[in-house]
Amino acid sequence: MTRIIQSLAEISKPYDVLFCDLWGCLHNGVAPFPEAVAALQGFREQGGKVVLLTNAPRPAKFVIAALDRMGCPRDAYDLVVSSGDAAQDAMFAGAVGKKVWHLGPDKDNGFFTEVPEEWQGQAEITRVDFDEADGIVCTGPFDEETEVPEDYRPKFLLAKTRELPMLCANPDIVVDMGDKRIYCAGALAALYEEMGGEAMYFGKPHPPIYDLARRKLARLGGVDDARILAVGDGINTDVPGAAGEGIDCLFVTGGLAHDQFGPDRENPDPELLRGWLGARQQDPLYTIGTLR
């Protein structure tokens, strides 16, 4: 049974690296959580390294810029590795063809314009209209504040008929933007698969994002997997992703599923937690209400 803890410092000594999620753990899409920032700063002050491992569909450069705008201090982390980074590698390698239709908001345009150094001079990806596309790159709905997956059923029917593969740059189904819940690319990809289309994923819980994080971490000296702790609030992403990689996990109940564990967001009810995890066949090593 998962062990409920009160602070990261309580169990951090055996670990040299954190793979820490963003939304629901470090911030709510609008502002950082001060106690979470302090916990990460404290971990780094003790010599640990913090890798922010996020399913954001944008390259790390744009994630860092968003954190700066939010007021999240850079001394809370060492690296950012995003689903956008991992999915970019696949796109430039031709996973969905050379001519792609972008399904997503303008804020994600950096996915195409910020070409990684290793692909510069050899990437031949062109964004085209739907009728000309070899494949789809999905970073989310065009309007994430108003649209739902079902809005795209007619377009997906056409895409399925044409057998267009979809690259999903963010496997998350939903995130909470402040007090508003919005759909992510993962919800659109799930509908496309339900309709018989093909979707490919590169963020948590799938291996590519973890492989990329390890490669980037190696440049800072690397670390054995037994010394890595994954921190996240995603029962379908962070927790099974860590389990699949053989990495210990700290589950944050105060994020997406905060209303499932009793009225006190910072102190999940043990019985409710046990039943909820059991129903999902997940058993993270540790659990905490909010990262602190």
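- Looking at an unreviewed UniProt entry, the protein carries the name HAD family hydrolase, with the source organism given as Thioclava marina.

1. Let's talk about helix H2 (residues 60–70)
- When we look at burial in H2, the residues that qualify are Ala-60, Val-63, Leu-67 and Met-70. All buried residues of H2 lie within an arc of 80 degrees about the axis, which places them on one face of the element. Of the residues in H2, the exposed ones pointing more than 90 degrees away from the buried face are Lys-61 and Arg-69.
- On its buried side, H2 packs onto strand S3 (49–54), strand S4 (79–82) and helix H3 (83–92).
- Just past H2, the residue Gly-71 takes up positive phi, approximately 95 degrees.

2. Description of a nonpolar patch on the surface
- A cluster of nonpolar side chains, namely Val-148, Ile-173 and Tyr-183, defines an oily patch on the protein surface of about 230 Å² accessible area.
- Relative to the elements of secondary structure, Tyr-183 occurs in strand S10 (residues 180–183).
- For Tyr-183, a relative accessible area of 33% gives the class partly exposed.

3. Some thoughts on the sheet that holds strand S8 (residues 166–168)
- Overall, parallel pairing links the 5 strands, which are arranged S6-S5-S7-S8-S11 in an open sheet. The outermost strands of the open sheet, each flanked by one partner alone, are strand S6 (126–127) and strand S11 (199–201).
- Note: S8 against S11, 3 bridges, orientation parallel. Residue pairing in the sheet places Cys-168 in a bridge with Tyr-201 of S11.

4. Here we look at the sheet that holds strand S2 (residues 17–20)
- Strand order in this open sheet of 7 strands is S1-S14-S13-S12-S2-S3-S4, and the pairing throughout is parallel. Both edges of this open sheet fall to strand S1 (3–4) and S4, since each of them pairs with a single strand only.
- As judged from the 4 bridges shared by S2 and S3, these two strands associate in the parallel manner. In the sheet register, Cys-20 faces S3, and the bridge partner there is Leu-52.
- Across the face of the sheet, helix H1 (residues 34–45) comes into contact with S2 and S3 while running at roughly 140 degrees to S3.
- Helix H8 (residues 238–245) contacts strand S12 (228–232) and strand S13 (248–252) of the sheet and is inclined by roughly 175 degrees relative to S13.

5. Structural notes on the packing of aromatic side chains
- Counted according to the given criterion, the structure contains 10 aromatic pairs.
- Seen in terms of ring centroids, Trp-101 and Phe-130 are 5.1 Å apart; in terms of plane orientation they differ by 80 degrees. Their pairing is edge-to-face. Taken together, the residues Trp-101 in strand S5 (residues 99–103) and Phe-130 in the loop between S6 and strand S7 (135–138) connect sequence positions 29 residues apart.
- Phe-130 gets classed as buried once you look at its relative accessible area, which sits at 7%.
- The residue whose ring lies beneath Arg-162 is Phe-130, and the NZ or CZ to ring-centre distance is 5.1 Å.

6. With respect to the packing of H3 against helix H7 (residues 207–218)
- The interhelical angle for the contact between H3 and H7, taken along N-to-C directions, is 100 degrees, at an axis separation of 9 Å. Viewed along their axes, H3 and H7 adopt a mutual orientation that is roughly perpendicular. Of the residues in H7, those touching H3 at Ser-83, Asp-85, Ala-86 and Asp-89 are Pro-208, Ile-209, Leu-212, Arg-215 and Lys-216.
- Its residues placed into classes, the contact of H3 with H7 shows 4 nonpolar, 1 polar and 4 charged.

About the thresholds
Residues numbered from 1 in each chain as written. Predicted model: local features only at pLDDT ≥ 70, side-chain atom pairs only at ≥ 80, totals over all residues. Heavy atoms only, no water. Buried < 20%, exposed > 50% of the residue type's maximum accessible area, 1.4 Å probe, protein only. Helix = DSSP H or I, 4+ residues; strand = E, 2+ residues; numbered from the N terminus. Arc of directions from axis to C-beta. Contact = heavy atoms within 4.5 Å. Patch = residues over 30% accessible without salt bridge, like charges linked within 9 Å, V, L, I, M, F, W, Y side chains within 5 Å. Areas by Shrake-Rupley, 256 points an atom, 1.4 Å probe, with all protein chains shown as cover. Salt bridge = Lys/Arg side-chain N within 4 Å of Asp/Glu carboxyl O. Pairing = 2+ DSSP bridges. Axes fitted to C-alpha atoms, helices over the stretch in contact; angles between N-to-C directions. Phe/Tyr/Trp six-rings, centres within 6.5 Å; stacked < 30°, edge-to-face > 60°. Lys NZ or Arg CZ within 6 Å of the ring centre and 35° of its normal. Parallel < 35°, antiparallel > 145°, perpendicular 65-115°, else oblique. Nonpolar A, V, L, I, M, F, W, Y, C, P; charged D, E, K, R; others polar.

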